[in-house]
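So the chains spell out like this:
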Amino acid sequence: MSASQTSDVPTLLVKIFGKDRPGITAGLFDTLAAYSVDVVDIEQVVTRGRIVLCALVTEPPQGLEGGLRATVHSWAESLKLQAEIISGIGDNRPRGLGRSLVTVLGHPLTAEATAAIAARITESGSNIDRIFRLAKYPVTAVEFAVSGVQTEPLRTALATEAAALGVDVAVVSAGLHRRAQRLVVMDVDSTLIQDEVIELFAAHAGCEDKVAEVTAAAMRGELDFEQSLHARVALLAGLDASVVDKVRSEVRLTPGARTLIRTLKRLGYQVGVVSGGFTQVTDDLKERLGLDFAQANTLEIVDGRLTGRVTGEIVDRAGKARLLRRFAAEAGVPLAQTVAIGDGANDLDMLNAAGLGVAFNAKPVVREAAHTAVNVPFLDTVLYLLGITREEVEAADTLDEGLLDGLGLPLDGI
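Rules used throughout
- Residues numbered from 1 in each chain as written.
- Predicted model: local features only at pLDDT ≥ 70, side-chain atom pairs only at ≥ 80, totals over all residues.
- Heavy atoms only, no water.
- Pairing = 2+ DSSP bridges.
- Helix = DSSP H or I, 4+ residues; strand = E, 2+ residues; numbered from the N terminus.
- Axes fitted to C-alpha atoms, helices over the stretch in contact; angles between N-to-C directions.
- Contact = heavy atoms within 4.5 Å.
- Core = buried A, V, L, I, M, F, W, Y, C linked by side-chain atoms within 4.5 Å.
- Buried < 20%, exposed > 50% of the residue type's maximum accessible area, 1.4 Å probe, protein only.
- Polar contact = N/O pair within 3.5 Å; in protein donor to acceptor, adjacent residues only side chain to side chain.
- pLDDT = per-residue confidence, 0-100.
- Phe/Tyr/Trp six-rings, centres within 6.5 Å; stacked < 30°, edge-to-face > 60°.
- 1 Å grid on protein atoms, 1.4 Å probe; cavity = no way out; pocket = protein on both sides within 12 Å on 5 of 7 lines; lining within 4 Å.
- Points joined across faces, edges and corners; volume = space filled by probe spheres on them.
- Nonpolar A, V, L, I, M, F, W, Y, C, P; charged D, E, K, R; others polar.
- Arc of directions from axis to C-beta.

Draft legend 1. Here's a closer look at the sheet that holds strand S10 (residues 270-278). In space, the 7 strands of this open sheet follow the order S12-S11-S10-S9-S13-S14-S15, with mixed pairing throughout. This sheet does not close on itself; its edge strands, each paired only once, are strand S12 (305-311) and strand S15 (372-374). Across this sheet, the average inter-strand angle for adjacent strands is 25 degrees, counted without regard to direction. Pairing between strand S9 (residues 183-186) and S10: 4 bridges, direction parallel.

Draft legend 2. Structural context of the sheet that holds strand S1 (residues 10-19). Reading across from one edge, S2-S3-S1-S4 is the order of the 4 strands in this open sheet, with antiparallel pairing throughout. Lying at the two open borders of the sheet, with one neighbouring strand each, are strand S2 (39-47) and strand S4 (82-89). The mean inter-strand angle of the sheet, taken between neighbouring strand axes irrespective of direction, is 10 degrees. In the packing of helix H2 (residues 65-78) onto the sheet, contacts are made with S1 and S4, and the angle to S4 comes to roughly 155 degrees.

Draft legend 3. Representation of the pairing of strand S6 (residues 127-135). Note: S6 against strand S7 (residues 140-147), 7 bridges, orientation antiparallel. Residue pairing for S7: Arg 133 is matched across the bridge by Val 142.

Draft legend 4. View of the nonpolar core. In this structure, Met 186, Leu 192, Phe 201, Phe 278 and Ile 341 are the most contacted members of the largest nonpolar core, which totals 63 residues. The element that contributes the greatest number of residues to this core is helix H6 (residues 197-205), accounting for 5 residues. Discounting chain neighbours no more than four positions away, the residues touching Met 186 are Leu 192, Leu 260, Ile 261, Val 271, Gly 272, Val 273, Val 274, Ile 341 and Leu 379. Counting 22 residues, the second-largest nonpolar core is a separate cluster that includes Val 274, Phe 327, Ala 340 and Val 366.

Draft legend 5. Structural context of the side chain of Asp 168. Within the secondary structure, Asp 168 is located in strand S8 (residues 168-173). Within the local environment of Asp 168, its side chain forms a polar contact with the backbone nitrogen of Asn 375, the two atoms lying 2.7 Å apart.

Draft legend 6. Broad picture of the side chain of Lys 320. Relative to the helices and strands, Lys 320 is located in helix H12 (residues 317-331). The contacts of Lys 320, once residues within four sequence positions are left out, are Asp 187, Val 274, Ser 275, Gly 276, Val 315, Asn 346, Asp 347 and Met 350.

Draft legend 7. Inspection of the confidence of the model for the protein chain at higher detail. The pLDDT averaged across the protein chain works out to 90; a share of 92% of its residues lies at or above 70. Scored below 50 in pLDDT, residues 407-414 makes 14 contacts in the model with residues more than four places away or belonging to other chains.

Draft legend 8. Representation of the packing of aromatic side chains in the model. Counting across every chain of the model gives 2 aromatic pairs. Measuring from ring centre to ring centre gives 6.0 Å for Phe 201 and Phe 278, while their planes differ by 90 degrees; the resulting arrangement is edge-to-face. Here Phe 278 lies in strand S10 and Phe 201 lies in helix H6, a separation of 77 residues in the sequence. Considered together, Phe 201 and Phe 278 belong to a single accessibility category, that of buried residues. Consider the rings of Phe 293 and Phe 327, whose centres lie 4.7 Å apart with planes at 15 degrees: the pair is stacked.

Draft legend 9. Representation of the environment of Ile 16 in the model. Within the secondary structure, Ile 16 sits in strand S1. In this structure Ile 16 comes out as buried when scored by relative accessible area, which is 0%. Between the C-alpha atoms of Ile 16 and Asn 127, which are 111 residues apart in sequence, the distance is 24 Å. Leave out the neighbours within four places in its chain, and Ile 16 touches Leu 28, Ile 51, Val 52, Leu 53, Val 72, Trp 75, Leu 81, Gln 82 and Ala 83.

Draft legend 10. Spatial organisation of empty space enclosed by the protein. Counting across every chain of the model gives 1 cavity of 30 Å³ or more. In this structure, the largest cavity spans a volume of roughly 150 Å³. Listing elements by their share of the lining of the largest cavity, those giving two or more residues are helix H7 (208-219), helix H8 (225-234) and S10. The greatest single-element share of the lining of the largest cavity, amounting to 4 residues, is contributed by S10. When its residues are assigned to classes, the lining of the largest cavity shows 5 nonpolar, 5 polar and 6 charged.

Draft legend 11. Representation of the layout of surface pockets. One number sums up the size of the second largest pocket: a volume of about 420 Å³. Residue lining of the second largest pocket: 20 residues in total, with Ala 159, Ala 162, Ala 163, Arg 367 and Ala 373 positioned closest to the centre. In terms of residue count, the dominant contributor to the lining of the second largest pocket is helix H4 (residues 151-165) (7 residues). Its residues assigned to classes, the lining of the second largest pocket comprises 10 nonpolar, 5 polar and 5 charged.

Draft legend 12. H8, seen in detail. Taken together, the buried positions of H8 are occupied by Phe 225, Ser 228, Leu 229, Arg 232 and Val 233. Summarising the axial view, the buried residues of H8 lie within an arc of 125 degrees, below the 170-degree limit, and thus occupy one face. The opening residue of H8, the one whose side-chain oxygen lies 3.2 Å from the backbone nitrogen of Glu 226, is Asp 224.

Draft legend 13. A look at helix H9 (residues 243-250). Every buried residue of H9 is listed here: Val 243, Val 244 and Val 247. Projected onto a plane normal to the axis of H9, the buried residues spread over an arc of 105 degrees and lie on a single side. In H9, the exposed positions that point more than 90 degrees away from the buried face belong to Asp 245 and Ser 249. Contacts from the buried residues of H9 go to H6, helix H11 (279-289) and strand S11 (293-302).

Pasting the structure below:
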């Protein structure tokens, strides 16, 4: 029987709840099968060993409903479960137009924050259709399936609430396109890695204080990036080129960076980086992490020493957005199906150009302008914004460990 055929047909909602054990679902439907009912809908959830199982079925043939009710209650009691049966008409009411997925990240996720987010969703005119936990560590991540309001106004409504509550909230349109996102492009300094590469070079040149001061002003959007880049690089003039290898060894990946990239690659995503830093570092990261794309500025080296200049195309704020588009074209991915991650003002054009722009531990001006913000120090939490659960990540890791053990290969570095 089709959904349209059940719209005005008498139905029964059979609800079972109690201690979970194997065979409950099969047992309920074995019991119902004796009464020639059709299944209209099923939902089941298990939380801390307690099951709630709901089955929406057509009303049995005339004269059999009393027997069905008695038999279901008897079966439930035999398993020390509770049963509730409610008569009604038709299927669930249709979901409203405008469907979104609201991902909430908390460290921890408090009841107060959850209540406030749920209330704001309701106040916006939306309905919460389903809630699902994506992860319990290193953060708690839950996903709300919401209908009734278009994505953009819902995102606007929740942004202010999230900032006040100290939780991260991402709102994306529901639909097949979410699963089809196939390109992720990240900033490098203070995003993929914990460091500012120019400052690592500056430490070897003994001018880190001067460079850090200019870097901070540029990241706040107070200085033109290209001018600040030339000013900082000029301070490195005369530095021996052997320092490049030292800087590469000093770079520290952000917690969760390897997990993020490894998981995305397993899912068939292409992954790239764009940086206002230097190819001397990004090329090494590309090789080590198996990235598909990498573009940055290049420090000029002549006769074994840094000249204090950069060569080639300057990667600045506009350049990062331009490179995102270029990578998407080369990957064959529509721009609407890209994800960009960054932390500074020079990432804003890229974040706004992408289908989903994620401000990662970003400056206030960036958090306010991006589609969503993540303010926990774990880069792999971006996976939850894409609907990927922690269990799926761990299952993939376990599978790969088994395969690599069989080949005698290490997991680290893939």
